[in-house]
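Fold and contact review
Residues per chain are reported as follows:
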Amino acid sequence: MRLDKYLKVSRIIKRRTIANEACDASRVELNGRPAKAGAQVKVGDIVTLHFGDTNFKFKILSVPDVVKKEDANSLYEVIYED
């Protein structure tokens, strides 16, 4: 699954266009490297988001195409939040 779609499906970022813009602005890293919106994610990948003074790092636990709002938090495990 594409990184921008995963960020939207997991409800980490509200809209896919915003996720796409964050990737274009080099605010998203995948396994320690700057990531493009089209980068493929898989279980076990580490994603880091940089928004202003906030840093959010998480590990991908599941990559479903569709998920209910209540189950969105089970798709990832927070490693670091600042």
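The preceding data block contains the structure.
Every residue gets a number counted from 1 within its own chain, in the order that chain's sequence is written. For this predicted model, a pLDDT threshold of at least 70 governs which residues receive local features, and a threshold of 80 or more governs which side-chain atom pairs are given and counted, while totals over whole chains, interfaces and linings are taken from all residues. The basis for every side-chain value is the complete set of non-hydrogen atoms in the structure, without hydrogens or water.

**Brief notes about the environment of Arg-27**
To be explicit about the condition: Only DSSP runs of H or I reaching four residues or more are called helices, and only runs of E reaching two or more are called strands; each is numbered from the N terminus. When accessible area is computed with a 1.4 Å probe and restricted to protein chains, residues below 20% of their type maximum are described as buried, those above 50% as exposed, and intermediate ones as partly exposed. Contacts are assigned to residue pairs with any non-hydrogen atoms lying within 4.5 Å of each other.
For Arg-27, the position within the fold is in the loop between α2 (16-24) and β1 (28-30). The exposure class assigned to Arg-27 is partly exposed, which follows from its relative accessible area of 38%. Sequence separation between Arg-27 and Asp-65 is 38 residues; the distance between their C-alpha atoms is 24 Å. Once residues within four sequence positions are removed from consideration, Arg-27 is found in contact with Ala-22, Thr-48, Leu-49, His-50 and Phe-51.

**Remarks on the pattern of salt bridges**
Basically, it comes down to this: Any carboxyl oxygen of Asp or Glu within 4 Å of a side-chain nitrogen of Lys or Arg constitutes a salt bridge here.
Inspection of the entire model under this criterion finds three salt bridges. Salt bridges linked by common partners bring Arg-2, Asp-4 and Arg-16 together as one network.

**So, the nonpolar core**
The criterion, for reference: As used in this record, nonpolar core signifies buried Ala, Val, Leu, Ile, Met, Phe, Trp, Tyr and Cys residues forming a set joined through side-chain atoms within 4.5 Å.
Counting residues in hydrophobic clusters, the biggest one holds 22 residues, and the most contacted among them are Leu-3, Tyr-6, Leu-7, Val-28, Val-41, Val-47 and Phe-58. Every element with two or more residues in this core is listed here: α1 (3-9), α2, β1, β3 (46-51) and β4 (54-60). Beyond its immediate stretch of four places on either side in the chain, Val-47 contacts Leu-3, Val-28, Glu-29, Leu-30, Phe-56, Lys-57, Phe-58 and Ile-60.

As far as function goes, none of this settles anything; it's purely spatial.
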